[in-house]
Amino acid sequence: MDHPKFFNNQLYVAGDSYSGIVVPIIVQEISDGNHDDNVPPINIKGYVLGNPATDLDKDEDSRILFAYLKALISDELYQVK
């Protein structure tokens with residue numbers, strides 16, 4: 001409210017590491033506030049996640065399949081799992 005000249009600036013929320021858990025929640029709260037007519041509205045344009053963790057169990061379970069699909073491990077090694 002103290003700096004109205006910035007109201008129209010575009011906002012991108014960014015994070016890395018565990019950002020897949022917290023950044024989408026933050027962006028959703030901003031978006032909900034805009035839809036609830038909070039003043040001033042925030043000109044959010046998107047978010048960026050760098051190497052995000054999203055669900056630790058699923059993230060860890062998918063590593064072997066990812067390596068196989070990217071040809072980082074052989075067919076034989078993948079079949080042993």
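Reading the values: the criteria
- Residue positions are counted from 1 within each chain, in the order its sequence is given.
- Under the rules for a predicted model, residues below a pLDDT of 70 receive no local features and side-chain atom pairs below 80 are neither given nor counted, while totals for whole chains, interfaces and linings still include all residues.
- Hydrogens and waters are ignored; side-chain quantities use all the structure's heavy atoms.
- Put simply, DSSP marks the helices as runs of H or I at least four residues long and the strands as runs of E at least two long, and each gets a number from the N terminus on.
- For a helix, the expected span equals 1.5 Å multiplied by the number of residues minus one.
- Throughout, exposure labels follow a simple rule: accessible area from a 1.4 Å probe, protein chains only, divided by the maximum for the residue type, with under 20% read as buried, over 50% as exposed, and the rest as partly exposed.
- Residue contacts are defined here by distance: any two heavy atoms, one from each residue, within 4.5 Å place the two residues in contact.
- Here a patch means residues that are over 30% exposed by relative accessible area and free of salt bridges, tied together within 9 Å if like-charged and within 5 Å if nonpolar (Val, Leu, Ile, Met, Phe, Trp, Tyr).
- Every accessible area reported is derived by Shrake-Rupley at a probe size of 1.4 Å, with residue values counting cover from the shown protein chains alone.
- A pair is scored as a salt bridge if a Lys or Arg side-chain nitrogen falls within 4 Å of a carboxyl oxygen belonging to Asp or Glu.
- Pairing between strands is defined by DSSP: at least two bridges between the two strands are required.
- Note on handedness: a clockwise path from strand one over the helix to strand two, with the strands aimed away from the viewer, defines a right-handed crossover.
- We call two N or O atoms a polar contact when they sit within 3.5 Å, provided that within protein one can donate a hydrogen and the other can accept it, with sequence-adjacent residues counted only if both atoms are side-chain atoms.
- As used throughout, domain bounds are those supplied by an automatic or database domain assignment.

Between its first and last C-alpha, helix α1 (residues 19–35) extends 24 Å over 17 residues, near the 24 Å set by a 1.5 Å rise per residue. Taken together, the buried positions of α1 are occupied by S19, G20, V23, V27, I30 and G33. Considering only its buried residues, α1 is in contact with β1 (11–16) and β2 (44–50). With its phi angle positive at about 65 degrees, D37 sits one or two positions after the end of α1.

Here we take up a nonpolar patch on the surface. A cluster of nonpolar side chains, namely Y18, I21, V22, I26 and L56, defines an oily patch on the protein surface of about 440 Å² accessible area. Considering every element that reaches the nonpolar patch, the biggest residue donor is α1, with 3 residues. Following the sequence through the fold, I26 ends up in helix α1. Note on I26: relative accessible area 40%, which makes it partly exposed.

What follows is about the pairing of β2. Summarising the sheet, β1 and β2 pair through 6 bridges and their orientation is parallel. Its bridge partner lying in β2, Y12 is registered against G46. In the classification by handedness, the crossover that spans β1, the intervening α1 and the parallel β2 is right-handed.

This brings us to unusual backbone geometry. Residue P40 follows V39 across a cis peptide bond; omega there is -5 degrees. With a phi close to 60 degrees, A71 is a non-glycine residue in the positive phi region. For A71, the position within the fold is in the loop between α3 (63–69) and α4 (75–80).

This part is about the side chain of S19. Within the secondary structure layout, S19 lies in helix α1. Here G15 takes part through its backbone oxygen, which lies 3.2 Å from a polar atom of the side chain of S19. Ignoring anything within four residues of it in the chain, the contact list for S19 reads P24, L49, G50, P52 and A53.

Here the protein is partitioned into domain 1 (1–50) and domain 2 (55–80). Computed over C-alpha atoms only, the centres of domain 1 and domain 2 are separated by 34 Å.

As a further point, take the environment of R63. Note that R63 resides in helix α3. We classify R63 as exposed; its relative accessible area is 56%. Spatially, the C-alpha atoms of R63 and P24 are 23 Å apart, while their sequence positions differ by 39 residues.

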